[in-house]
Amino acid sequence: GQQVMQIPQYQHVQEGEDFTTYCNSSTTLSNIQWYKQRPGGHPVFLIQLVKSGEVKKQKRLTFQFGEAKKNSSLHITATQTTDVGTYFCAGPTGANSKLTFGKGITLSVRP
Amino acid sequence: NAGVTQTPKFRILKIGQSMTLQCTQDMNHNYMYWYRQDPGMGLKLIYYSVGAGITDKGEVPNGYNVSRSTTEDFPLRLELAAPSQTSVYFCASSVVSAHYTFGSGTRLTVV
């Protein structure tokens, strides 16, 4: 079946450093979504990318969809302690809108 | 709009007991989902529904049952609870091809 992969699962950065993480799919995706889960919280939708090569920005976060629509990246500029959490990517699996989620990357930020 | 509401937030069950996790949404979403989240394992789909009266199995359905009698409600039933069902359970809803809205979760411990 379709796989959505996020490696590594954990990353630690110093506050102020930049951070980039990647998401790879075994198949071409019609769209890719990113979610953030704060410690002890629930996943919250961040963004959806649909077009090949699409780039979207939310303040210090930059999201990109690959040209082949099989991968995506999330870049955080000058990380802050508020960026702490687990970031999931997800892509739709076949019919019925079911999303396949990656295992997520848990970001910790040293103040 | 309250979004997706899950009850209870926390529960401790004894082995062999049964319980129902409640999920209701007020966004008139057709699609609803149940996920479980174990540490480092991401989100695994238990059951999903594409509309009232229609449910289907996800990746890890064993030990669970669902029903969807109304658009708003999608309860998850655990029969004969086992320690392996200790997890955090998230309900989510969406419209077709759109992002998910998650509830705040139910933290279940089976002892």
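What counts and how
Residues numbered from 1 in each chain as written. Chains lettered and ligands numbered in written order. Predicted model: local features only at pLDDT ≥ 70, side-chain atom pairs only at ≥ 80, totals over all residues. Heavy atoms only, no water. Phe/Tyr/Trp six-rings, centres within 6.5 Å; stacked < 30°, edge-to-face > 60°. Helix = DSSP H or I, 4+ residues; strand = E, 2+ residues; numbered from the N terminus. Buried < 20%, exposed > 50% of the residue type's maximum accessible area, 1.4 Å probe, protein only. Disulfide = S-S within 2.5 Å.

*Asks:* Would you take a moment to explain the packing of aromatic side chains for this structure?
*Replies:* The geometry of an aromatic ring pair is captured by the separation of the ring centres together with the interplanar angle, meaning the angle of the planes. All names here are of chain B. The tally for this structure, following the rule as stated, stands at 15 aromatic pairs over all chains. Summarising the aromatic geometry, the rings of Y35 and F102 are spaced 6.2 Å apart at their centres and angled 50 degrees between planes, so their arrangement reads as tilted. A residue pair is termed long-range when its members are at least 10 positions apart, and Y35 in strand β4 (residues 31-37) and F102 in strand β10 (residues 101-102) qualify at 67 residues. Classification of Y35 as buried rests on a relative accessible area of 1%.

*Asks:* What is the right way to read the state of the cysteines from this model?
*Replies:* All names here are of chain B. Taken as a whole and assessed by the stated rule, the structure comprises two disulfides over all chains. Residue pairing for C23: its cysteine sulfur links by disulfide to C91, the two sulfurs lying 1.9 Å apart. Taking the sign of the torsion about the S-S bond as the criterion, the disulfide between C23 and C91, at about -70 degrees, is left-handed. Here C91 lies in strand β9 (residues 87-94) and C23 lies in strand β3 (residues 19-25), a separation of 68 residues in the sequence. Of the two residues, C23 and C91, both sit in the buried class.

*Asks:* Looking at this structure, how should I read unusual backbone geometry?
*Replies:* Glycine aside, residues mostly have negative phi, and peptide bonds are mostly found in the trans state. Of the consecutive residues I7 of chain A and P8 of chain A, the connecting peptide bond is found in the cis state with omega at 0 degrees. Looking at where P8 of chain A falls in the secondary structure, it is placed in the loop between β1 (4-5) and β2 (10-14). In the segment running from T7 of chain B into P8 of chain B, the intervening peptide bond is cis, with an omega of -5 degrees. Positive phi is not limited to glycine here, since A78 of chain A has a value of about 50 degrees. Mapped onto the elements of the fold, A78 of chain A is located in the loop between β8 (71-76) and β9 (85-92).

Functional significance is not addressed by these values, which are geometric in nature.
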